[in-house]
Amino acid sequence: DAGVTQSPTHLIKTRGQQVTLRCSPISGHKSVSWYQQVLGQGPQFIFQYYEKEERGRGNFPDRFSARQFPNYSSELNVNALLLGDSALYLCASSLASLGTGNQPQHFGDGTRLSIL
Amino acid sequence: GESVGLHLPTLSVQEGDNSIINCAYSNSASDYFIWYKQESGKGPQFIIDIRSNMDKRQGQRVTVLLNKTVKHLSLQIAATQPGDSAVYFCAESSPYAGGTSYGKLTFGQGTILTVHP
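So, here is what we can say about the structure in this document. (Residues numbered from 1 in each chain as written. Chains lettered and ligands numbered in written order. Predicted model: local features only at pLDDT ≥ 70, side-chain atom pairs only at ≥ 80, totals over all residues. Heavy atoms only, no water.)

Residues and elements named next belong to chain A. Reading across from one edge, β1-β3-β8-β7 is the order of the four strands in this open sheet, with antiparallel pairing throughout. At either margin of the open sheet sits one strand with a lone partner, and together these are β1 (5–7) and β7 (64–68). Put simply, the sheet's adjacent strands are angled 15° from each other on average, direction ignored. (Pairing = 2+ DSSP bridges. Helix = DSSP H or I, 4+ residues; strand = E, 2+ residues; numbered from the N terminus. Axes fitted to C-alpha atoms, helices over the stretch in contact; angles between N-to-C directions.)

Structure (structure tokens):
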């Protein structure tokens, strides 16, 4: 069975540019979350989407935005890139819904974003 | 604020030994906990989870213990193998709040487990 897939795997950008990262959840999963992982640290929550609506947002600036499509795939957009945005961006999907409570989140292998 | 931390940043064991990785959390409202394994160049891999209405849960070669009194979580790995070498993260989640912010995981810094053959 296919797990969470993310694209691209690696990306190099320069300061001030914009980037779009993509995520396809596990089949049947309607909840998608995005995390940022800086080297040597645990992942930090950015967004959660369920049924195409934003359900949660972490402490990230408005330069970060996301959306979820009818097929439950998702995109993370980051504008006006800064050197500090260099990180591994992880997408996770789960079976969680409003009626189920927390369910395990399953992660993709991430997009490694480097800002020059 | 919320935080999840680990007591030991590194753990080195011999193949065949049992490993114990510890985690402290500070949010008393947390009711769901997960352990992840992350290998170099990969995303976190789900190992086992536990809800706050349980004290112990067992999987294949792994056991998670939850002590809500002292807000402590541990992962026990039996008969540790070289393939278990990785960074291990604990993560916690708070209850639903009207359908908002559910599923937000707060991760600790991680423990590096090294298994020597």
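Continuing now.
It is worth spelling out the packing of aromatic side chains at this point. Counted according to the given criterion, the structure contains 11 aromatic pairs over all chains. Between A:F107 and B:Y36 the ring centres are 5.2 Å apart and the planes differ by 85°, which places this aromatic pair in the edge-to-face class. Taken as a pair, A:F107 in strand β10 (residues 106–107) and B:Y36 in strand β4 (residues 32–38) lie in two separate chains rather than in one. Here the two residues A:F107 and B:Y36 agree in accessibility, since each one is buried. For the pair B:Y36 and B:F107, a centre-to-centre distance of 5.6 Å together with 35° between the ring planes defines the contact as tilted. Placement of the pair is B:Y36 in strand β4 and B:F107 in strand β10 (residues 105–107), with a sequence separation of 71 residues. Residue B:Y36 shares its accessibility class with B:F107, and that shared class is buried. Here the aromatic cluster, defined as three or more aromatic residues joined through ring pairs, consists of A:Y35, A:F45, A:F107, B:Y36, B:F46, B:F89 and B:F107. (Phe/Tyr/Trp six-rings, centres within 6.5 Å; stacked < 30°, edge-to-face > 60°. Buried < 20%, exposed > 50% of the residue type's maximum accessible area, 1.4 Å probe, protein only.)

The next thing to look at is the interface of chain A and chain B. Every contact between the two is made by 27 residues of chain A and, on the other side, 26 residues of chain B. Joining chain A to chain B, the criterion identifies zero salt bridges. Seen at the junction of chain A and chain B, the total is four residue pairs in polar contact (both at pLDDT 80 or more). Among the secondary structure elements, those contributing two or more residues to the side of chain A that touches chain B are β4 (31–37), β5 (44–50), β6 (53–57), β9 (87–94) and β10 of chain A. In the side of chain A that touches chain B, the residues fall into 10 nonpolar, 15 polar and two charged. (Contact = heavy atoms within 4.5 Å. Salt bridge = Lys/Arg side-chain N within 4 Å of Asp/Glu carboxyl O. Polar contact = N/O pair within 3.5 Å; in protein donor to acceptor, adjacent residues only side chain to side chain. Nonpolar A, V, L, I, M, F, W, Y, C, P; charged D, E, K, R; others polar.)

Take unusual backbone geometry next. Residue and element names in this part refer to chain A. S7 connects to P8 through a cis peptide bond whose omega is -10°. Its place among the elements puts P8 in the loop between β1 and β2 (10–13). The backbone of E51 sits at a positive phi, close to 50°, despite the residue not being glycine. Residue placement: E51 occurs in the loop between β5 and β6. Positive phi is not limited to glycine here, since A80 has a value of about 50°. With respect to the secondary-structure elements, A80 resides in the loop between β8 (74–78) and β9. Given the relative accessible area of 37%, A80 is considered partly exposed.

On to the environment of B:K71, then. All names here are of chain B. Among the structural elements, K71 can be located in the loop between β7 (62–67) and β8 (72–77). Given a relative accessible area of 28%, K71 falls into the partly exposed group. Note: C-alpha distance between K71 and A29 (42 residues apart in sequence) is 10 Å. Contacts of K71, omitting those with residues within four sequence positions, involve C23, A24, Y25, S26 and S28.

What follows is about the pairing of β8(B). Residues and elements named next belong to chain B. Pairing analysis gives six bridges linking strand β3 (residues 19–25) to β8, with the strands arranged antiparallel. Residue pairing for β8: C23 is matched across the bridge by L73. Across six bridges, β7 lies against β8 in antiparallel orientation. Each bridged residue has a counterpart across the sheet, and for L66 the counterpart in β8 is L73. As consecutive antiparallel partners, β7 and β8 are separated by four residues, and within that stretch K71 has a phi angle of approximately 50°, a positive value.

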